[in-house]
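Observations on chain architecture
Chain residues, written in single-letter form:
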There are 4 protein chains.
Amino acid sequence: MAGSSFGNAFKITTWGESHGAALGVVVDGCPAGLKLNEADIQAFLDRRKPGQSKYTTARAEGDEVKILSGVFEGLTTGTPISLIVYNKDHHSSDYSEISTYYRPGHADLTFDLKYGFRDYRGGGRSSGRETIGRVAAGAIASKILKELGISFLTYTLSVGMIKADPENFDSEYILENPLYMPDRDAAEKAMAYLDDLRKEGNSAGGSVECRINGLPAGIGEPVFDKLDAGLARAVMSIGAVKAVEIGDGTAVSSSTGYDNNDFFTLKDSKIEKKTNHSGGILGGMSDGSEVILRAHIKPTPSISMTQETVNKNGDDININIKGRHDPIIVPRAVVVVESMAALTVIDLLIGNMSSRLDNLRKIYC
Amino acid sequence: MAGSSFGNAFKITTWGESHGAALGVVVDGCPAGLKLNEADIQAFLDRRKPGQSKYTTARAEGDEVKILSGVFEGLTTGTPISLIVYNKDHHSSDYSEISTYYRPGHADLTFDLKYGFRDYRGGGRSSGRETIGRVAAGAIASKILKELGISFLTYTLSVGMIKADPENFDSEYILENPLYMPDRDAAEKAMAYLDDLRKEGNSAGGSVECRINGLPAGIGEPVFDKLDAGLARAVMSIGAVKAVEIGDGTAVSSSTGYDNNDFFTLKDSKIEKKTNHSGGILGGMSDGSEVILRAHIKPTPSISMTQETVNKNGDDININIKGRHDPIIVPRAVVVVESMAALTVIDLLIGNMSSRLDNLRKIYC
Amino acid sequence: MAGSSFGNAFKITTWGESHGAALGVVVDGCPAGLKLNEADIQAFLDRRKPGQSKYTTARAEGDEVKILSGVFEGLTTGTPISLIVYNKDHHSSDYSEISTYYRPGHADLTFDLKYGFRDYRGGGRSSGRETIGRVAAGAIASKILKELGISFLTYTLSVGMIKADPENFDSEYILENPLYMPDRDAAEKAMAYLDDLRKEGNSAGGSVECRINGLPAGIGEPVFDKLDAGLARAVMSIGAVKAVEIGDGTAVSSSTGYDNNDFFTLKDSKIEKKTNHSGGILGGMSDGSEVILRAHIKPTPSISMTQETVNKNGDDININIKGRHDPIIVPRAVVVVESMAALTVIDLLIGNMSSRLDNLRKIYC
Amino acid sequence: MAGSSFGNAFKITTWGESHGAALGVVVDGCPAGLKLNEADIQAFLDRRKPGQSKYTTARAEGDEVKILSGVFEGLTTGTPISLIVYNKDHHSSDYSEISTYYRPGHADLTFDLKYGFRDYRGGGRSSGRETIGRVAAGAIASKILKELGISFLTYTLSVGMIKADPENFDSEYILENPLYMPDRDAAEKAMAYLDDLRKEGNSAGGSVECRINGLPAGIGEPVFDKLDAGLARAVMSIGAVKAVEIGDGTAVSSSTGYDNNDFFTLKDSKIEKKTNHSGGILGGMSDGSEVILRAHIKPTPSISMTQETVNKNGDDININIKGRHDPIIVPRAVVVVESMAALTVIDLLIGNMSSRLDNLRKIYC
């Protein structure tokens, strides 16, 4: 079954493997008339590019994007936008060994069991490089949303047990540190923690928080295409994400109705919530306040510490995975989470255009 | 935009409001040849039926289901199965008051902002009764899965701060207590806690855990229709769910690669994992071990304690919500979570049939 | 695989069998704020109701529709609209015989080969009664389109070899004759022809023409969801339709570029076509002129003349089909063709709302 | 709205413009384990390549295809297959003139009216080159179908008024003449006719017939995803097609039930039809006999004869279109029709795998 498309009205289809010729995405349903060039997209891709600090893999990929269709004289035409990034620094020879066994925490085994065999070079389709298409498409979605006054703020909320402190929150610091944390103290502690783990050949998990501002109320379609349901799918589909929270998230299960309900009040003749436990979503629709979601991301499974596994002959063996691996995936996942959130929002925003007959009249009468 | 369908190959479409004439679901794509009668479906609906204990609303609905199509001589025919439940005990007059203000924690405001007005009787489409269609369809999905050796165990994991202790886990006790908890001690503490909350007019949150056994490996479609992504969307689409976890869930973000990776070993000439931090899903596909997911559910927003809100005239007011409300939604949500999981699994199981050319040969050659 | 849904943004799902308890449709994605009552829908259903003349089956069904959800205080709410029609005059006993053999021209054999068995009562799901859901949904689509200034004119163009003459075209006469022909002379000849066929136990085919006026230009999505492609699928999905034409249709294959091209000219400062060979569609999008399509419908396969077939034991046998059958399906198919056209148009009209970034600005800025 | 995807389980997404950098397609949902290389696809593309005779445009494109993903060690992996063809011989300068007016019979006007402007170079997305993606994907679908014993025979049935005579049918001759006609006499007459038209700067229409053999019975999903409905959409979505017929097609409307019904008989202990008026489809499902469909294709709209139109300033003008145009599109459309038919069939064939519970047991038990 086809599984590489996301979105209905604004639909993306990604393709490509870690060590194939190229990776890319087709963005179908982008409204005509958006100013778009390769630099717009490159800026997003650069946020997930490898080799930028000692906390990411040393693989040297420029990840330079080309627009192959759908843009004419600097504007989107309404027809599919095809984006491509060629693979360059792929040392497939590095991977001859891993073809013979199943790496713990990876999809090697499940790919074999599903399809009968796998493209083992660099993880094939299950590689983190698969997210290139998501981010390239996310850049376009984000640009449209920005035109409509909708903005995203996404960052590393925690690394291991070290969590950014809301008291120290500094949004400008996010892009100034390789971990994309919004708290200088936490970032420094996290870097020390990662240095230790790297030395022992281990890796760390962490969490990403994404906040969406300016989203009109009413976005999301009851009952299966709710905004939170869409965000949950979108973010959980990113490799290594194991939990998704909206607003107070897991904390709601130990709260009470009185504490968890956000009271309404009138402010500047607009109904607002006094608190935001709901994370900006009520009944699956945006409620006009800031949308807040968190993704919990598991530690990089590729570690050089000795691990136990099974090889293709069915022998129990010990392995030490070599190669160029990130000691933590989280910082590079920040822009992926943001992209998936943007793709979810643009699709539901378009879907909502027909929620009222009056909207059809605005366009057609 | 249409948002009331779930699934591609096995597609359900739900409809109906809390105080309309009826609620129902159309199940399209059910394979022919399944023995099915109303009792199969009723058994599932009875698990979410109101009025069964003091922990659920006193609304007296039999929630009796009728099969209107798609079954002939006791077997599914392959054509759409239409299921209907008529509403009986709807006191719409109870709700005349709530039409005048926005209840905190509810979807009243977002429905108004999206559609321009709302069916305010009992929450309309945003009522928990909307899940009748999900559960009726889930009963059918579960019956097919059972035929294929796939089973579900779902229960209330926690109520407020009170959590079932794995040491005391008793699967038979689940159906013996009104909270559907698998731990007698925890259930008793939870009931005492709920009694206290009820007295003060407050409500509690909690969490549900669902375990799936017997699922073949390889189910789930990279990269957007992964099993975990599908489950996350399915479960987050249930009203009041604010977080979804797979396997170790939120705990992975503070773990390390060495601790979080599940080592492989050979057992009875089959590759197995020594642990199950992954919750039975690797690379978005089932890995052959038990699938584990958790949903965190917010406290019932309808409470009789005094709350602040805004009325239609734009006045800040205080309210005390009357009516027949559950002090906790969680127990009745257990079967809803299970149903949504079953619907996700059956759809991906069918989708996976074409993963290999050899499977097409098995059917057609 | 599910196959009973049509449309993306405005999605319908039909269900029900000829002799089951009821038939119906769920209309999901209908914009909120449309005035709608049962009479609006009944008017459409009455155009396909049986027993209205000697040219339709004598089965006496009131085909009375009930709205079960999605409408509140006379307005659509934006949530799914569930419509139901109960079966009344079903003589299942009439059909005990046809369970034993395969009727030529019917789907008995293909249902058996696909699903392993079939609901043989009155053709089950392959009965013409399946179109009740289409027409009920079509009534809603048409009402929205009418609000936007888009109207339909649909009629029987030909019965057997007898074709309505454009010179005699009388749109008011369409609803005045049981064949829904727009030409009094042709209708009278057709009735005489049908009387003869009925006497010998035979049946006739015919064609339906549908014209759509007021459709804005640019409706239809290149390259697979073009307006003509959508109309072709919609109309060909009606049982008994064997050909679909747009504009000059089959005649284009024997024309030349010079004769077939429609020249443009300026009229009242709007670009118009001097002719309409294209049938109002260029490049798969409406071009602003009248959209014209034709459906060719085969003769009723149920005839009382002696036919050869095979029974369940594998014997070659001769049969004479009894029961209450239409000598021609075409007149009752007129409203079905119109409904499927309306459903196609409304879905693409909504889809087109996001064709330009400016349209998003109109709704959200 | 996105409109460039076709298929559900076997989904293709095409992209690219006539004079952009490249054109291509992503094929998602292709089963793993199919032997596939570029030559398999090239063979199909060569059948639609320009510049092969005086009856096709002189544009010199090699149309060389590259596989960018989804194939590993000669086998499809189950992940998306990305195919690309670079544009080479695009003389965009030829088209500077046509940017200033609307060509009759083309989509220039409708693109402008839908999107606000258009990529006018060579027709942009509405160019016949858009079909490259369809044909490349169709080659893969056809290869799978061939493995399952399903084959296609497609040819030019008529050119203008000149129709292939069934008496002279010679399937081997099809690939031996530039018009792909199956009748030597008809082909010669057609070439003479085209020579005359070319001299006067005019063009011809024609029809294509496609026959599918070996298709199992029961393929197609009642009621909206019927085989004939899918084929009609697929083929009508090809630019220039204005009518689609199944089996006897338009002729059924003037036939009678007795003449049009195909009688059943037992042959080699299998139920067969004595005739094939139905074109191999009953009730929207394949009936086990040869599937037959026809597409009627309008004459090339680009002609050098003087035509009337309007320019961007709103002046009525006369034009003579220059450039390299096919005097007839039909021969190059043959492989496009075949490809769209193959894509329709593979998708429904996969969809049908879950028609019976027993099929799920075959795969999973």
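1. Description of the overall build of chain A
Along the backbone of chain A there are eight helices and 18 strands. Relative to the 2.2 N^0.38 estimate, which gives 21 Å for 365 residues, the radius of gyration of chain A is 21 Å and therefore close to what a compact globule would have. Taking the principal axes of the C-alpha coordinates as reference, chain A spans close to 65 × 50 × 40 Å. For chain A, the proportion of its 365 residues judged to be buried stands at 68%. If you take every contact in chain A between residues at least 6 apart in sequence, the share linking residues at least 24 apart comes to 68%. Of the roughly 11200 Å² that chain A leaves accessible, carbon and sulfur atoms contribute 47%. A gap of 3 Å separates the mean positions of the 40 positive and 47 negative side-chain charges of chain A.

2. Topic: the sheet that holds strand β11 (residues 241–246) of chain A
Strand order in this open sheet of 10 strands is β9(A)-β8(A)-β10(A)-β16(A)-β11(A)-β11(B)-β16(B)-β10(B)-β8(B)-β9(B), and the pairing throughout is antiparallel. Two strands close off the open sheet at either side, each with one partner strand: β9 (162–163) of chain A together with β9 (162–163) of chain B. Pairing analysis gives three bridges linking β11 of chain A to strand β11 (residues 241–246) of chain B, with the strands arranged antiparallel. In the sheet register, Ala243 of chain A faces β11 of chain B, and the bridge partner there is Glu245 of chain B. On top of the sheet, helix α5 (residues 227–236) of chain B reaches β11 of chain A together with β11 and β16 (291–297) of chain B; it is set at about 155° to β11 of chain B, its chief contact.

3. Description of the packing of aromatic side chains
This model, assessed by the stated rule, comprises 20 aromatic pairs over all chains. With centroids separated by 5.3 Å and ring planes inclined at 90°, the aromatic side chains of Phe72 of chain A and Tyr120 of chain D adopt a geometry described as edge-to-face. Of the two residues, Phe72 of chain A is situated in strand β5 (residues 71–72) and Tyr120 of chain D in the loop between α2 (108–115) and α3 (131–147); the pairing between them involves two chains. Classification of Phe72 of chain A by relative accessible area gives buried; the value is 6%. Take Tyr120 of chain D: its relative accessible area is 22%, and that puts it in the partly exposed class. Ring geometry for Phe111 of chain D versus Tyr115 of chain D: centroids 5.7 Å apart, planes at 40°, classification tilted. Here Phe111 of chain D and its partner Tyr115 of chain D are both found in helix α2, four residues apart, which amounts to about one turn of the helix. Side by side, Phe111 of chain D and Tyr115 of chain D carry an identical accessibility label, which is buried. A cation over an aromatic ring shows up here: Arg211 of chain B above the ring of Phe169 of chain B, its NZ or CZ 4.9 Å from the ring centre.

4. Re the interface of chain A and chain B
Accessible area lost when the parts come together is the quantity often used to give the size of an interface. With 108 residues of chain A in contact, the opposing surface of chain B contributes 108 residues. Summed over the three residues of chain A that lose the most area to chain B, namely Met1, Lys114 and Phe224 of chain A, the buried surface amounts to 11% of that side. For the interface between chain A and chain B, the tally reads six salt bridges. The closest approach of N and O atoms between Lys114 of chain B and Glu221 of chain A, which form a salt bridge, is 2.8 Å. Seen at the junction of chain A and chain B, the total is 70 residue pairs in polar contact (both at pLDDT 80 or more). Here the element with the most residues in the side of chain A that touches chain B is helix α2 (residues 108–115) of chain A; it accounts for seven residues.

5. A closer look at the relation of the copies chain C and chain D
With an axial shift of 0.0 Å and an RMSD of 0.0 Å, the rotation relating chain C to chain D amounts to 180°. Put plainly, the chains are arranged around a two-fold axis. Among all C-alpha atoms of chain C, that of Arg233 of chain C lies closest to the rotation axis, at 2.3 Å. Taken together, the interface assignments show that 100% of the residues at the interface of chain C recur at the interface of chain D, consistent with an identical surface on both copies.

6. Description of the confidence of the model for chain A
Here chain A averages 95 in pLDDT, while 96% of its residues score no lower than 70. For this predicted complex, the interface confidence comes out at an ipTM of 0.97, alongside a pTM of 0.98.

7. Some remarks on the relation of the copies chain A and chain B
One copy of the chain maps onto the other through a rotation about an axis plus a displacement along that axis. Between chain A and chain B, which share one sequence, the superposing operator has a rotation angle of 180° and an axial displacement of 0.0 Å; the RMSD is 0.0 Å. When you check the interface residues of chain A against chain B, 100% turn up at the interface there too, and the contact is symmetric in its surfaces.

Thresholds, definitions, all that
- Residues numbered from 1 in each chain as written.
- Chains lettered and ligands numbered in written order.
- Predicted model: local features only at pLDDT ≥ 70, side-chain atom pairs only at ≥ 80, totals over all residues.
- Heavy atoms only, no water.
- Helix = DSSP H or I, 4+ residues; strand = E, 2+ residues; numbered from the N terminus.
- Rg over C-alpha atoms; globule rule 2.2 N^0.38 Å.
- Buried < 20%, exposed > 50% of the residue type's maximum accessible area, 1.4 Å probe, protein only.
- Contact = heavy atoms within 4.5 Å.
- Areas by Shrake-Rupley, 256 points an atom, 1.4 Å probe, with all protein chains shown as cover.
- Lys, Arg positive; Asp, Glu negative; His and termini not counted.
- Charge placed at Lys NZ, Arg CZ, Asp CG, Glu CD.
- Pairing = 2+ DSSP bridges.
- Axes fitted to C-alpha atoms, helices over the stretch in contact; angles between N-to-C directions.
- Phe/Tyr/Trp six-rings, centres within 6.5 Å; stacked < 30°, edge-to-face > 60°.
- Lys NZ or Arg CZ within 6 Å of the ring centre and 35° of its normal.
- Buried area = accessible area lost by both parts, 1.4 Å probe.
- Salt bridge = Lys/Arg side-chain N within 4 Å of Asp/Glu carboxyl O.
- Polar contact = N/O pair within 3.5 Å; in protein donor to acceptor, adjacent residues only side chain to side chain.
- Least-squares fit on C-alpha atoms with pLDDT ≥ 70 in both.
- pLDDT = per-residue confidence, 0-100.

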